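Understanding the architecture of this molecule
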Amino acid sequence: MGFAEQRFNVNLSILFTELPLLERPAAAAAAGFTAVELWWPWADTPTPRQRELDALRTAIEDAGVRLTGLNFYAGQLPGPDRGALSVPGEESRRFRANIDVAAGFAQSLGCTALNALYGNRVDGVDPAEQDALALENLALAARAADRIGATLLIEALNRPESPKYPLVSAPAAVGIVDKVNAATGLGNARFLMDLYHLSMNGEDLPSVIDRYASRTGHVQIADNPGRGAPGTGSLPLEDLLDRLGKAGYEGWVGLEYKPGDRPSAAAFDWLPR
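Let us look at the structure shown here.

Quick notes on the rules
Residues numbered from 1 in each chain as written. Predicted model: local features only at pLDDT ≥ 70, side-chain atom pairs only at ≥ 80, totals over all residues. Heavy atoms only, no water. Helix = DSSP H or I, 4+ residues; strand = E, 2+ residues; numbered from the N terminus. Buried < 20%, exposed > 50% of the residue type's maximum accessible area, 1.4 Å probe, protein only. Contact = heavy atoms within 4.5 Å. Polar contact = N/O pair within 3.5 Å; in protein donor to acceptor, adjacent residues only side chain to side chain. Phe/Tyr/Trp six-rings, centres within 6.5 Å; stacked < 30°, edge-to-face > 60°. Lys NZ or Arg CZ within 6 Å of the ring centre and 35° of its normal. Salt bridge = Lys/Arg side-chain N within 4 Å of Asp/Glu carboxyl O. Pairing = 2+ DSSP bridges.

Within the secondary structure, N71 sits in strand β3 (residues 66-71). Given the relative accessible area of 6%, N71 is considered buried. In sequence terms N71 and P88 are 17 residues apart; their C-alpha atoms lie 19 Å from each other. If we skip the residues at most four places from it in the chain, N71 touches L38, W39, W40, L77, N115 and L117. Polar contacts involving the side chain of N71 include one to the side chain of N115, which spans 3.3 Å.

This brings us to the packing of aromatic side chains. Enumeration over the complete set of coordinates arrives at 11 aromatic pairs. Here W40 and W42 contribute two aromatic rings whose centre-to-centre distance is 5.1 Å and whose plane-to-plane angle is 65 degrees, an arrangement assigned as edge-to-face. Members of the aromatic cluster, connected to one another through ring pairs, are F3, F8, F16, F33, Y257, F268 and W270. The ring centre of W252 lies 4.4 Å from the NZ or CZ of R7, which sits over that ring.

By the element assignment, T216 lies in strand β7 (residues 216-221). Overall, the relative accessible area of 3% leaves T216 in the buried class. Polar side-chain contacts of T216 include one of 2.7 Å to the backbone oxygen of Y212. For T216, the contacting residues outside a window of four places in its chain are R190, F191, M193 and Y249.

Taken as a whole, this structure holds 12 salt bridges when the rule is applied. Linking R243 and D210 is a salt bridge whose minimum nitrogen-to-oxygen distance equals 2.7 Å. One end of the pair, R243, is in helix α8 (residues 237-246); the other, D210, is in helix α7 (residues 205-212), and 33 residues separate them in sequence. The class for R243 is partly exposed, based on a relative accessible area of 35%. Residue classification places D210 among the partly exposed residues on the basis of a relative accessible area of 48%.

The side chains of a regular strand alternate between both faces of the sheet. Of the two faces of strand β1 (residues 8-11), both are covered, the one formed by F8 and V10 as well as the one formed by N9 and N11. The pairing of β1 with strand β8 (residues 253-255) spans three bridges and is classified as parallel. The partner of V10 across the bridge, within β8, is L255. Sheet analysis places β1 next to strand β2 (residues 35-38), joined by two bridges and oriented parallel.

Here is the structure:
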């Protein structure tokens, strides 16, 4: 099989960031991609003005690419935050204010995958309190996703780079998936399998794939070490994606890696043309 058999989309929040946001969809199209994904593009606000939403929608449509994945509001990302939904107070309220905005934007572009980052542990707050708040907010997000025919994604990050994030293993993230599905009865929560994060955690990637491919709603990749393009580190990404395919995964593979000291357009030389 190999890379040529995969459906790759490009994450415009980590690649092409040398360009203004509204120019990135066209740059991805010029690089040969037909689909893109995004972290929540407005880190400072969960509820941007309608003209900002419309401008990004137009840029994506005019570029002729499909939006296949979108994060809910996650605080300062990139930055110190790793989500908002389990953070008591203002950040949790901002997440809730974002739910319908993000779902509406996704629906307007036919996007059917919404990623909800869990959020960091907060000093002085009982983790059980944060987990209860998280489940409440994730259930709201799952119901909003269901209304537009979308999947809610739950992602494991890595402990070295996100030491306050509680979901730093595949089993931990899948456990939250199960809790959300049990709470809503909808069954539309799925695991986001990011092979870079899981490798940083030292997990057995073939075993993770064998156990959780059927529970996986989206896959993201970067090489390790370095979070660069495939071939810049030591992960056998081609073999791992082949294994995912043989295990039944047929979805998109998001390219969520750093381009290094070169323009993003030059960071795809590993891809078969």
